[in-house]
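Structure at a glance
So you can see what is in the structure, the chains are spelled out below.
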2 protein chains.
Amino acid sequence: MSKKEALTRAAADLLWERGYTGTSPAMILERAQAGQGSMYHHFSGKAELAVAAMVQMSDQLRARTEDALGGDGSAVSRINAFLDLERDPLAGCRIGRLTQDHDVVSDDVLRAPAAEFFSWVEGRLAGVLADGVRTGELRADTRPDVMASLIIAAVQGGYTLARAHQDPAAFRQAVDGVKQVVGNLVAGSGRG
Amino acid sequence: MSKKEALTRAAADLLWERGYTGTSPAMILERAQAGQGSMYHHFSGKAELAVAAMVQMSDQLRARTEDALGGDGSAVSRINAFLDLERDPLAGCRIGRLTQDHDVVSDDVLRAPAAEFFSWVEGRLAGVLADGVRTGELRADTRPDVMASLIIAAVQGGYTLARAHQDPAAFRQAVDGVKQVVGNLVAGSGRG
DNA sequence: GTCTATAGTAGGATAGAC
DNA sequence: GTCTATCCTACTATAGAC
C-alpha cells in the first residue's frame, strides 16, 4: 500500500472517530506510519487530505447502498435491505457526522462530498419508491421525495439517539419505526 | 449579569456553533468579556463549564418542548406543535450536535445532559401518543415508543440533511414526512 | 517520495497579584 | 472574584536533507 493510500485510509478512520476539527495531521501520520513529508508531498494540507478521505468513504457507502437498493425485489424489500445494512450505531455515520463539524460546513469544498452523497441517497430512495408507485405496489398518493427524506433522516437521527444513550437499541427502534411506516405505504396493506 | 452567567451563556453559544472540541476557553472568555481567572474560579475547567452550559441549553429546550406537548388539544395537534417549534435547521440542534463530538460521548459526565434530554423528550412524545391511543384518537395498534423514536430521529436527521445541503428546506421536508405519518395514525383516517 | 528538524500559533491550565 | 503573566503541550505548516 502506498503512503498516499495509507494516509487517506488513516484520515478516513480518524474523521469517522473524531471528526474534522478533532483530527490532527500528527494523528493521521502516526496511524499511517508516515512522516510529515509524505503528507505534504501528496496533499496541500489537512483539508485536501480530508476531502480525499471523504470521497473514499462516500464511494464505499454509495456502493453498499446501491447493493441494497439496486436489487430486483419489491420496493419495500429494497428499502428494507437498505435499512438492514450492517451499521455501527455507536460509531455514527461516516458522512453524516461530518455535517456537524463547523469547519466542514463552513467550507464548500469540505462540505461538497457530504452534500453530494446525501443528494444521491435521497434521489435513489425516491426512485425506488417511485418505482413502487408505478407498479402499483405502493399507494398512488405516496410522495417519493418526502418519504425518501423521512427514511434517511430517521437513519441519521437514529445514530444521534444511539450515541446520546450509548445504546445501539435506540438506533434500531427508530429504524423499526421507519420500516413500519414504509410497510404501511403498500397498497391494500392492513393499516390502509 | 454575573461573570459566571456570562461565561455559561457564552459557552452555550459556542458549543452550539462549534461543538465541544472546536470551542476553546479563550474563545469563551473573549465572548464573555472575562479573564482566565473568572473561569477557573467558577469552574474547574473547560469540561465543567461545558456541562453547565449543556444543562442550561437542555432546560431551555425542555421548557419549549413542554409548551408544545403539554397543550390541551388532540395528540396529533400537540405533536404537530412540537414539530412546528421555531428552529434553525442550518444551526442544528443545540444538544444533538454534541452527540457527534468524540470527547463528549466518551465522557459520561459530558454525555449525561444529552442522554437525559433525549430520554425525557422520547418519554414525553410517547406519553402524548399513548394518550391518543387511550382516548381512541389514534389506532389501537400504534406503538408509542417506536413512533416517538421515529419522530425525534426524523427531527435530528432533518438537521443533518439541512446542514449537508445548506438548505433549511431539507429539514422541512423530513418534518413534513413525519407529520404525514403521524396524521395517518389517526383512527379512521383516509390512509387507514 | 519520504524523512527529520524547526517554527509560529493556539489550546488548556496554573500562579500569584490586586 | 477577577485580573494578567506564565507554562507546557499540541496543532499546522515549512525547510531542507536524503
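Since we're looking at a predicted model, the values are computed, not measured.

Per the UniProt record, "DNA-binding region" (unreviewed entry) is found at residues 24-43 of chain A. Across residues 24-43 of chain A one finds 75% helix and 0% strand; the C-alpha atoms that close the span lie 14 Å apart.

For helix α9 (residues 168-183) of chain A, which comprises 16 residues, the first-to-last C-alpha distance of 23 Å matches the rise-based estimate of 22 Å (1.5 Å per residue) to within 8%. For α9 of chain A, the set of buried residues is A170, F171, A174, V175, G177, V178, Q180, V181 and V182 of chain A. At its buried positions, α9 of chain A is contacted by α5 (75-83) and α8 (144-165) of chain A together with α8 (144-165) and α9 (168-183) of chain B. One side-chain oxygen of the residue at the start of α9 of chain A lies 2.9 Å from the amide nitrogen of A169 of chain A, identifying that residue as D167 of chain A.

Attention now moves to the interface of chain B and chain A. Contact with chain B, which involves 50 residues of that partner, is made by 50 residues of chain A. In total, about 4300 Å² of surface goes out of reach between chain B and chain A, with carbon and sulfur atoms giving 56% of it. Counting across the chain B and chain A interface gives 2 salt bridges. Salt-bridge contacts for D103 of chain A lead to R18 of chain B; the nearest nitrogen and oxygen are separated by 3.7 Å. Among the secondary structure elements, those contributing two or more residues to the side of chain B that touches chain A are α1 (3-18), α6 (102-105), α7 (108-135), α8 and α9 of chain B. A total of 16 residues in the side of chain B that touches chain A trace back to one element, the largest contributor, which is α8 of chain B. For the side of chain B that touches chain A, the per-class residue count stands at 16 nonpolar, 20 polar and 14 charged.

The subject of this paragraph is the relation of the copies chain B and chain A. Relative to chain A, chain B is turned by 180° and slid 0.0 Å along the rotation axis, the superposed coordinates differing by an RMSD of 0.0 Å. The transformation relating the two chain copies, once decomposed into turn and shift, fits a two-fold axis. Counting the interface residues of chain B, we find that 100% of their copies in chain A are interface residues as well, pointing to one common contact surface.

For side chains bearing opposite charge, pairing can occur when the charged atoms are close. The tally for this structure, following the rule as stated, stands at 16 salt bridges over all chains. In this structure, K179 of chain A engages D84 of chain A in a salt bridge whose closest nitrogen and oxygen atoms are separated by 2.6 Å. Of the two residues, K179 of chain A sits in helix α9 while D84 of chain A sits in the loop between α5 and α6 (102-105), which places them 95 residues apart along the sequence. The salt bridge involving E5 of chain B is made with R9 of chain B; its shortest N-O contact spans 2.7 Å. In this pair, E5 of chain B and R9 of chain B both sit in helix α1, 4 residues apart, roughly one turn of the helix. The class of E5 of chain B is partly exposed, set by a relative accessible area of 33%. Looking at R9 of chain B, the relative accessible area reads 42%, which means it is partly exposed. Connected via shared salt-bridge partners are R78, D131 and R134 of chain A.

Turning next to the environment of T99 of chain A. Mapped onto the fold, T99 of chain A is located in the loop between α5 and α6. In this structure, T99 of chain A is in contact with V105, A114 and F118 of chain A together with T160, R163 and A164 of chain B, ignoring residues within four places of it in sequence.

This next bit is on the nonpolar core. Soluble globular proteins: nonpolar side chains tend toward being buried together. Membership of the largest hydrophobic core comes to 125 residues, with the highest contact counts inside it found for F82 of chain A together with F82 of chain B. Among residues more than four places away in sequence, those in contact with F82 of chain B are T65, A68, L69, R87, V121, L125, I151, I152 and V155 of chain B.

All right, on to the side chain of T142 of chain B then. With respect to the helices and strands, the residue T142 of chain B is situated in the loop between α7 and α8. Within the structure, the side chain of T142 of chain B is placed 2.9 Å from the backbone oxygen of R139 of chain B, a separation counted as a polar contact.

Looking at the element boundaries, H102 of chain B is found in helix α6. Sequence spacing of H102 of chain B and E30 of chain B is 72 residues, and the spatial spacing of their C-alpha atoms is 25 Å. Beyond its immediate stretch of four places on either side in the chain, H102 of chain B contacts E17, R18, R97 and R163 of chain A. Within the local environment of H102 of chain B, its side chain forms a polar contact with the side chain of D103 of chain B, the two groups lying 3.4 Å apart.

Look at the UniProt record and you will see "domain: HTH tetR-type" (unreviewed entry) annotated at residues 1-61 of chain A. Secondary structure across residues 1-61 of chain A divides into 77% helix and 0% strand, with the first and last C-alpha atoms of the span separated by 21 Å.

Moving on, we come to the packing of aromatic side chains. Residues and elements named next belong to chain A. One pass over the full model with this rule turns up 4 aromatic pairs over all chains. Where F117 meets F118, the ring centres are 5.4 Å apart and the plane angle is 65°; that geometry is what we call edge-to-face. The residues F117 and F118 share a single accessibility class, namely buried. Ring centres 4.8 Å apart and planes at 40° place the aromatic pair Y159 and F171 in the tilted group. Separated by 12 residues along the polypeptide, Y159 in helix α8 and F171 in helix α9 bring together distant segments of the chain. Taken as a pair, Y159 and F171 share a single burial class, namely buried. Over the ring of Y20 we find K46, and its NZ or CZ is 4.4 Å from the ring centre.

Moving on: the protein's contact with DNA strand C. DNA strand C sits among 16 residues. The nearest are G35, G37, S38 and H42 of chain A together with Q36 of chain B. Protein-adjacent atoms of DNA strand C, using a 4 Å cutoff, are sugar or phosphate at a proportion of 64%. Measuring from a phosphate oxygen of DNA strand C, one finds a side-chain N or O atom of K3 of chain A at 3.5 Å. The contact in question runs from a phosphate oxygen of DNA strand C to an N or O atom on the side chain of S38 of chain A, over 2.8 Å. For the surface near DNA strand C, the secondary structure elements donating two or more residues are α3 (36-42) of chain A together with α2 (25-32) and α3 (36-42) of chain B. With 5 residues, α3 of chain A is the largest single contributor of residues to the surface near DNA strand C. Its residues assigned to classes, the surface near DNA strand C comprises 4 nonpolar, 10 polar and 2 charged.

Calculation notes
- In every chain, residue numbers begin from 1 and rise along the written sequence.
- The lettering of chains begins at A and the numbering of ligands begins at 1, in the order of writing.
- Reporting of local features is limited, given that this is a predicted model, to residues whose pLDDT is at least 70; pairs of side-chain atoms are given and counted only at 80 or more, and all residues count toward the totals for whole chains, interfaces and linings.
- To obtain the side-chain values, all non-hydrogen atoms of the structure were included, while hydrogens and water were left out.
- UniProt positions are given in the numbering used here, feature names are shortened, and annotations may be inferred rather than shown by experiment.
- Each helix corresponds to a stretch of at least 4 residues labelled H or I by DSSP, and each strand to a stretch of at least 2 residues labelled E; elements are numbered beginning at the N terminus.
- In a helix, the anticipated span is given by 1.5 Å times the number of residues less one.
- The buried label goes to any residue with under 20% of its type's maximum accessible area, the exposed label to any with over 50%, and the partly exposed label to all in between, with areas taken from a 1.4 Å probe on protein chains only.
- Should any heavy atoms of two residues lie within 4.5 Å, those residues are considered in contact.
- The term polar contact refers here to a pair of N or O atoms within 3.5 Å; inside protein, the definition further demands a hydrogen-donor-capable atom paired with an acceptor-capable atom, and it admits residues adjacent in sequence only when both atoms are side-chain atoms.
- We define buried area as the total accessible area lost by two parts upon association, computed with a 1.4 Å probe and summed across both.
- The rule for a salt bridge is simple: a side-chain nitrogen of Lys or Arg has to be within 4 Å of a carboxyl oxygen of Asp or Glu.
- Under the scheme applied, nonpolar residues are Ala, Val, Leu, Ile, Met, Phe, Trp, Tyr, Cys and Pro; charged residues are Asp, Glu, Lys and Arg; polar residues are all the others, including Gly.
- To line up the copies, we fit them by least squares on C-alpha atoms, keeping just the residues with pLDDT of at least 70 in both.
- Definition of nonpolar core: a set of buried residues of the types Ala, Val, Leu, Ile, Met, Phe, Trp, Tyr and Cys, connected through side-chain atoms within 4.5 Å.
- Ring pairs shown here join Phe, Tyr and Trp side chains whose ring centres sit within 6.5 Å, with only the six-membered ring taken for Trp; geometry is labelled stacked below 30 degrees between planes, edge-to-face above 60, and tilted in between.
- Two limits define a charge over a ring: the Lys NZ or Arg CZ must be within 6 Å of the ring centre, and within 35 degrees of the ring normal.
- When we say a residue is near a molecule or strand, we mean one of its heavy atoms is within 4 Å of it.

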